[in-house]
Amino acid sequence: MQPFELVTPVGITEAVELGRAVDAVYLAGGTNVVDFLRTGAMRASTLVDIDRLPLRGIDFDGQRLRIGALTRMSELAAEPAVRDRYKFIAESLELSASAQLRNMASIGGNLLQRTRCLYFRERNFKCNKRTPGSGCAARDGENRRHAILGGSEACVATHASDLAVALVAADAEVHLHGPSGEWTSLLETFYLEPESTPEIETRIGRGDLIVAVSVPPVPGGERSVYLKLRERASYEFALVSVAASVDLDGALIREARIALGGVATRPWRARETEARLQGVALDDSGVLREAAASAFVDARPLRDNGFKVELGTRAIVAAVRQAGGGA
Amino acid sequence: MTDLVGDPRNRIDAPTKVTGDARYSADIALEGMAHAVFAVSTIAAGRIERVDVTEAEQSAGVVAVFTHETMPRLARPPAFEFPNIGTNFAFLQDDRILYAGQPVAMIVAETCEQAAAAADRVQIDYAAEAPLATLADAETGARDLQLLYGVLPAAYARGDIDEGLRQAEVRVSERYSFPAHRHHPIELSSTTAVWDGSQVTVYETTQGISMIQFNLCNLLDLDPENVRVVSRFVGGAFGAKGTFWFHTAFTVLVARELARPVKLVITRDQMTTTTGYREEQRQELTVGATRDGKLTAIRHHKLGATSMVDDFTEGSCTATTLLYACDNLDTGYRIAPTNAMMPNFMRGVGQSSGLFALESALDELALQLGLDPIEIRLRNHADVDPRSGAPWTSKSLKECYARGAEMIGWHERGPAIGSMREDGWLIGYGMGTALHPVPPRERTEVRLRLHTSGFVRVECGGQDIGTGTYTVAALVVADVLGIPIEAVDVELGDTDLPRTGNSVGATSAASISSAAHVAGMGLIDRLSALAIADPRSPLHEAEPELLSASGGRLVHRDGRADPFGEIIRRRQLMTLDVMSEWDPASGVAAAARVARRIPVGQGSSFSYGAWFAVVAVHPDFGLVRVRRLAGAFAAGRILNEKTAASQMRGGAIMGIGQALIEATSTDRQTARILNPGLNEYLVPAHADVPLIDVAFIEELDENINVLGVKGIGELPVSGVAPAIANAVHHATGRRIRDLPIRPEMLL
Amino acid sequence: MNARLTVNGRGYTLVLDPRESLLDVLRERLDLSGTKKGCDQGACGACTVHIDGRRVLSCLTLAARCEGKQVTTIEGIARDGVLHPLQRAMVEHDGLQCGFCTPGQIMAGIALLEEGHATTREEIREWMSGNLCRCGAYNGIVEAIERARDEMRDAAV
């Protein structure tokens, strides 16, 4: 790693002051930052250690869940309120990474984690995200793990966070403190597609610090599902994943929430699918399949990842069934 | 032999490993030690035009930076000589770039963090050329391979292949492919070199300390008396540490140049391009048979990607030449130079890739003929070595099939494709044959030192790479001397100790156990002589043939006894040393007490096995999980059932990796490896591995060595991948011939 | 920068490079080489230690941030030469071959048992998947964990 200064602010205000400097990076759990500093995919001259700020803790008031940004993944996954009412959030966490990493990594850090695209991670490949304007080696290269949705000429890197997928399905909000004050964003729109500026991944501004994530009630949340498909049985990023919750009115779907991972440049809310599922019987396989397929209408397969359309469609169907209490 | 040998024994080195006390090669901190790291090339073909180390040299803590311009010269250029020297190309000696990830500088600093940061600051201007990345890019440049491993004739044929194909009433003709695989032992390769005058001690994690010593002397013009290599514990190897690599030589040279100890650690990413690998390969296989399933012809040709300057490919067709009785056979190899590092052997060398093709094809044949997969193999069982007609010194493959079938419940298998389900998953059963040659043994020396306390120390220069060598040496000596294993202490891994061979190709257990056995017998002879000549001994003037070792004593048939420790203490000796040299040739002759069926050197010796797999395939997602795995093996005498069973499981897990998970991914534009580290080159994790059931069919084979040990290290890797692929077919009707099996192939 | 670290109950005052990982400090500065470097990229688990009783990867932990925390390594597990039930069980069930991943497996396994994630074989496998073993001692490790769990439960009764 290149040398850096490690500074430890006492409060949030001081943290934001330090964090707004050029080449300053916030450090919470460090599992992403330390790794990418070593490979050279990220650079920083100052690491602002925010880990001792009072941003931990999980609050559930019966309606809304509020999660301090420094809460560890393992803590959030173990929280009874989360396991009971936002089951797919707990599942998305426990299917991520390894137990050790979940003990180290913060919620805020997880949401801001960088892509696993191999052309991003290894220096000296053409990568517009790492080095704007240098090109995208993945488009014409090995792209089996890359995005079929939300990509652009400049970048097709898949978003890596499982938790973000479940939170986006849950209409979560992210709360930030920054140089311009406090602000809140729907998590779904906090993430940006690469378009022509893949180095800009979220709406976060220089110095902005995520302080909390809040989640409204999720209909069907107690039975919601995070389906994660990967070749290794554990400890691998998703090939395709689906966060699904289904609220039933008898045998009919009253409301479905569906978000996708492993297929897009940001956690992908499948709103077209959700709309088509309204009022549909859970066992109506034909409609389920059509609704699922509609999520991929705008998919742009690359050389190696076209199978994700079919796999993704099947995964949505299976996740919806499971979330509805069916097999 | 007593019951001691064969029964499950705990690894004697286990306690030191579970406490973290065991010191591996990089677990060393010496006074004044500097840390070294490589900077590696980002291009795969071309030349270094200009290298600027100014910024690197000025970085904090940096002691020195060596490039191809400033690295001391090797005394002579390397010449490929398997398995010792892996390649004809030594990096850091000229401006050539032959592969991405090739070391182009060595940076030495006070801390490893400083060395790594400085490595990033070495500036290199390359004159890059278009590289050849994969087999697909390179195959037009393929040529025939003349020699396998530089010594064996590569092509082999018998009978008349065209006639054999004409006689065939059914035929399978397919292409099978393997991607490149990496060994990725969890311990990183490293060298720590410390000079003392003209003597150097080298702490190297290796499968062959003698090999390291020899090659250092040869390449650096050093005297063996001045070179000591130490490797007490090796954190896994699988072939990656079985060849001499140049990081060892350069660390030794740099330590001498800087006059301080230097520790170089290869990073995880760098392991991928500095310690060899199994090459990307394609096999064209045609098998023909009669309607009864009798093979009439096999044609097996392999194309392997090699480096630009080395003719290396693993012997994937060897198993085909001898596994089945088939009169008409044609095998051969072609190699295609690519801009990749020189491949080398990886556990299950040759057999695991070749048997994937052959055992898949046999299954396809069985299906066409409506025969049970085991049945078709039995019908083609080779009762003698089909290459020569020579008898097998021992072969229990049929018993392996039967036992394995019983273990997995083969009869529960409904033969119809896709006919079995469990929890909504499709279930499939498959099997595959495993085999490995019994390799030639190396001359091995062992020293035993008996103490007056009755404790015995065993010293031999070999190494334990996890196979259980420490334990094998201890229990053989304990058994011969009739003492408890707790009274035996083993020292390995130091060239100052008596010379032993490398831990490659499954040779260690047999060599060391044979030598230990002979040494033990030698110690008994010495003790007998001492006791018989000593008027104060109860055994004074006894007949030596009536004496045996039992319970730490020399015992006469009539009950008189003299404890070992007493025998030597009476002679005013605190210790008694016996040095024993075991020569493979004489070792066999030493077993001449037992009548031999086959004259020395006239039989063929192989170890065999059969793997049986039950897989579950998700009907919607194409995910494959191994539900159960069972294997039966016949490998002569099994010295320690506990550690041997672990070996088999470990090999099986590599087979699971081959079938379902592992593949090196290379960017075709740049010929750079995209997944050099363990985050991206996936190997089987806990969740991928079911309970693996293992059984041994014991064989008494007095023709191979005095204990009849065949060696098992490589055997279990073969047969697993075809068992899984065959099981996938049974579950889904999809025949996958390109590994690893991916979900999209089964959608 | 100055930092005071507590490792296996002992205090150490060190001058640290902020980049230094806890792993490198343990191995290179404190001669506690039982914790192993397998990848330095958070992928293999061989560097697993406990910080304040929780299993974490020391290769991705900056040492300077460990002030005020209790670090436990494999060297701190056996008490007065008495092995932890999991260490004993690993020997008995051959949960190791080369032994290199073993300290990490044991640190992860002890934490797993304390977390209560060893109720079934499937759970053990899933929750141990962050510790790779290339020798393939997985079956023995799982058996050892089960054995230790049962022993510790019986002892607690």
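Values in this document were obtained by computation on a predicted structure and should not be read as measured data.

Asker: Mind laying out the overall build of chain B, listing which residues take part and the relevant values?
Answerer: Secondary structure assignment for chain B yields 18 helices and 31 strands. Taking 747 residues into account, the globule formula puts the C-alpha radius of gyration at 27 Å, and chain B, at 27 Å, falls close to it. Classification of the 747 residues of chain B by burial places 67% in the buried group. Sequence-distant contacts in chain B: of pairs separated by 6 or more residues, those separated by 24 or more amount to 80%. Surface accessibility of chain B: about 24200 Å² in total, with carbon and sulfur atoms responsible for 48%. Counting 69 positive and 91 negative side-chain charges, chain B places the averaged centre of each group 3 Å from the other.

Asker: Describe in detail the side chain of Ser607(B), supporting the description with residues and values.
Answerer: Residue and element names in this part refer to chain B. As for its position among the elements, Ser607 is in strand β29 (residues 604-617). Judged by its relative accessible area of 1%, Ser607 falls in the buried class. Excluding anything up to four places from it in sequence, Ser607 contacts Ala434, Leu435, His436, Val438, Ala634, Ala635, Lys710, Gly711 and Leu715.

Asker: An account of the sheet that holds strand β27 (residues 561-563) of chain B is needed here, citing residue identities and associated values.
Answerer: Residue and element names in this part refer to chain B. What the three strands build is an open sheet, ordered β25-β26-β27; its pairing is antiparallel. Looking at strand neighbours, the two that pair on one side only are β25 (547-550) and β27, the edges of this open sheet. Here the strands of the sheet are splayed against their neighbours by 25 degrees on average, with no regard to which way each runs. When strand β26 (residues 553-556) meets β27, the two strands line up antiparallel, connected through three bridges. Within β27, the position partnered with Arg553 by the bridge is Pro563. Sheet contacts for helix α14 (residues 508-533): β25, β26 and β27; angle to β26, the most-contacted strand, approximately 65 degrees.

Asker: Any details on the interface of chain B and chain C? Residues and values, ideally.
Answerer: Taken together, the contacts link 59 residues of chain B with 49 residues of chain C. With both chains or domains summed, chain B and chain C bury close to 4400 Å², and 54% of this area falls on carbon and sulfur atoms. By the criterion of area lost to chain C, the three top residues of chain B are Val18(B), Ile186(B) and His686(B), representing 20% of everything that side buries. With a closest N to O distance of 2.7 Å, Asp27(B) and Arg27(C) form a salt bridge. Between the two partners, chain B and chain C, sit 31 residue pairs in polar contact (both at pLDDT 80 or more). When contributions to the side of chain B that touches chain C are tallied by element, the ones reaching two or more residues are α1 (14-18), α3 (112-119), α8 (268-274) and α17 (641-661) of chain B. The biggest single contributor to the side of chain B that touches chain C is α17(B), with eight residues. Its residues assigned to classes, the side of chain B that touches chain C comprises 29 nonpolar, 17 polar and 13 charged.

Asker: How would you explain unusual backbone geometry if you had to name every residue and give the values?
Answerer: Backbone torsion omega between Leu739(B) and Pro740(B) reads -5 degrees, so that peptide bond is classified as cis. Inspection of the secondary structure assignment puts Pro740(B) in the segment after α18 (720-732). Notably, Ala97(A) is not glycine yet its phi reads approximately 50 degrees, a positive angle. Checked against the element boundaries, Ala97(A) lands in the loop between α5 (87-94) and α6 (99-104). The backbone of Asn8(C) shows a phi angle near 50 degrees, a positive value even though the residue is not glycine.

Asker: Could you give me a rundown of the interface of chain B and chain A, with the residues and numbers involved?
Answerer: Across the boundary between the two partners, chain B contributes 34 residues, which contact 31 residues of chain A. For the pair chain B and chain A, the summed buried surface comes to about 2900 Å²; carbon and sulfur atoms form 53% of the total. Considering only the side of chain B, the residues that lose the most area to chain A are Phe621(B), Arg672(B) and Leu674(B), jointly responsible for 21% of the buried surface there. Counting every contact that joins chain B to chain A gives four salt bridges. With its nearest N and O atoms 3.1 Å apart, the salt bridge here joins Glu231(A) to Arg742(B). Remark: the boundary between chain B and chain A carries 16 residue pairs in polar contact (both at pLDDT 80 or more). When residues in the side of chain B that touches chain A are grouped by element, the largest group, three residues, is from α3(B).

Asker: Before we move on, could you go through the environment of Gln146(B) and cite the residues and values that matter?
Answerer: Residue and element names in this part refer to chain B. Among the secondary structure elements, Gln146 is positioned in the loop between β7 (143-144) and β8 (147-148). Along the primary structure Gln146 and Asp311 are separated by 165 residues, whereas in three dimensions their C-alpha atoms are 8.8 Å apart. What Gln146 contacts, discounting residues up to four positions off in sequence, is Leu152, Pro153 and Ala154.

Asker: Tell me about the nonpolar core, and please be specific about residues and values.
Answerer: In terms of nonpolar packing, the biggest core is built from 226 residues, with Ile258(A), Leu260(A), Trp611(B) and Ile724(B) touching the most fellow members. In terms of residue count, the dominant contributor to this core is α14(B) (11 residues). If you look at the next biggest cluster of nonpolar residues, it comprises 54 residues, including Val33(A), Ala138(A), Leu14(C) and Ile51(C).

Asker: Please provide a residue-by-residue account of the domain arrangement of chain A, values included.
Answerer: In terms of domains, chain A is made up of domain 1 (5-49) and domain 2 (221-322). Between the C-alpha centres of domain 1 of chain A and domain 2 of chain A the distance comes to 36 Å.

Asker: Explain the packing of aromatic side chains to me, and be specific about the residues and the numbers.
Answerer: The full count for this structure, using the stated rule, is 22 aromatic pairs over all chains. The interplanar angle of 45 degrees and the centroid separation of 6.5 Å between the aromatic rings of Trp183(A) and Phe190(A) together place this pair among those described as tilted. The class of Phe190(A) is buried, set by a relative accessible area of 0%. The interplanar angle of 55 degrees and the centroid separation of 5.6 Å between the aromatic rings of Phe91(B) and Phe250(B) together place this pair among those described as tilted.

Asker: I'd love a proper account of the pattern of salt bridges, names of residues and values included.
Answerer: All names here are of chain A. Scanning all chains against the criterion turns up 96 salt bridges over all chains. Glu173 is the salt-bridge partner of Arg64, the closest N and O atoms lying 3.0 Å from each other. Note that Arg64 is positioned in the loop between β4 (58-60) and β5 (65-68) and Glu173 in strand β6 (residues 173-178), a separation of 109 residues in sequence. Looking at Glu173, the relative accessible area reads 26%, which means it is partly exposed. What emerges from the salt-bridge pattern is a single network uniting Asp171, Glu188, Glu255, Arg257, Arg269, Arg271 and Glu274.

Asker: Tell me about helix α1 (residues 12-19) of chain A, residues and numbers included.
Answerer: Along α1(A), the residues that are buried comprise Ile12(A), Ala15(A), Val16(A) and Gly19(A). The buried side chains of α1(A) occupy one side of the element, clustering within an arc of 95 degrees when seen end-on.

Asker: I'd like a rundown of the sheet that holds strand β11 (residues 252-261) of chain A, residues and numbers included.
Answerer: Residues and elements named next belong to chain A. Read from one edge to the other, the open sheet built from four strands follows the order β9-β10-β11-β12, with strand pairing classed as antiparallel. Of all the strands in the sheet, just β9 (225-229) and β12 (268-269) have a single pairing partner and so form its edges. Where strand β10 (residues 240-249) and β11 come together, nine bridges link them in antiparallel fashion. Paired with Leu248 across the strands is Ile253, a residue of β11. In the packing of α5 onto the sheet, the strands contacted are β9 and β10, and the crossing angle to β9 comes to about 30 degrees.

Asker: Outline helix α5 (residues 138-156) of chain C, listing residues and values.
Answerer: With 19 residues, α5(C) extends 27 Å from end C-alpha to end C-alpha; this agrees with the ideal 27 Å at 1.5 Å per step. Restricting attention to buried positions, one finds in α5(C) the residues Tyr138(C), Asn139(C), Gly140(C), Ile141(C), Val142(C), Ala144(C), Ile145(C), Glu146(C) and Ala148(C). Where α5(C) is buried, its residues contact α17 and β31 (692-696) of chain B together with α2 (85-92), α3 (102-115) and α4 (121-127) of chain C.

Each value, and the rule that gives it
Residues numbered from 1 in each chain as written. Chains lettered and ligands numbered in written order. Predicted model: local features only at pLDDT ≥ 70, side-chain atom pairs only at ≥ 80, totals over all residues. Heavy atoms only, no water. Helix = DSSP H or I, 4+ residues; strand = E, 2+ residues; numbered from the N terminus. Rg over C-alpha atoms; globule rule 2.2 N^0.38 Å. Buried < 20%, exposed > 50% of the residue type's maximum accessible area, 1.4 Å probe, protein only. Contact = heavy atoms within 4.5 Å. Areas by Shrake-Rupley, 256 points an atom, 1.4 Å probe, with all protein chains shown as cover. Lys, Arg positive; Asp, Glu negative; His and termini not counted. Charge placed at Lys NZ, Arg CZ, Asp CG, Glu CD. Pairing = 2+ DSSP bridges. Axes fitted to C-alpha atoms, helices over the stretch in contact; angles between N-to-C directions. Buried area = accessible area lost by both parts, 1.4 Å probe. Salt bridge = Lys/Arg side-chain N within 4 Å of Asp/Glu carboxyl O. Polar contact = N/O pair within 3.5 Å; in protein donor to acceptor, adjacent residues only side chain to side chain. Nonpolar A, V, L, I, M, F, W, Y, C, P; charged D, E, K, R; others polar. Core = buried A, V, L, I, M, F, W, Y, C linked by side-chain atoms within 4.5 Å. Domains from an automatic or database assignment. Phe/Tyr/Trp six-rings, centres within 6.5 Å; stacked < 30°, edge-to-face > 60°. Arc of directions from axis to C-beta. Expected span 1.5 Å × (residues − 1).

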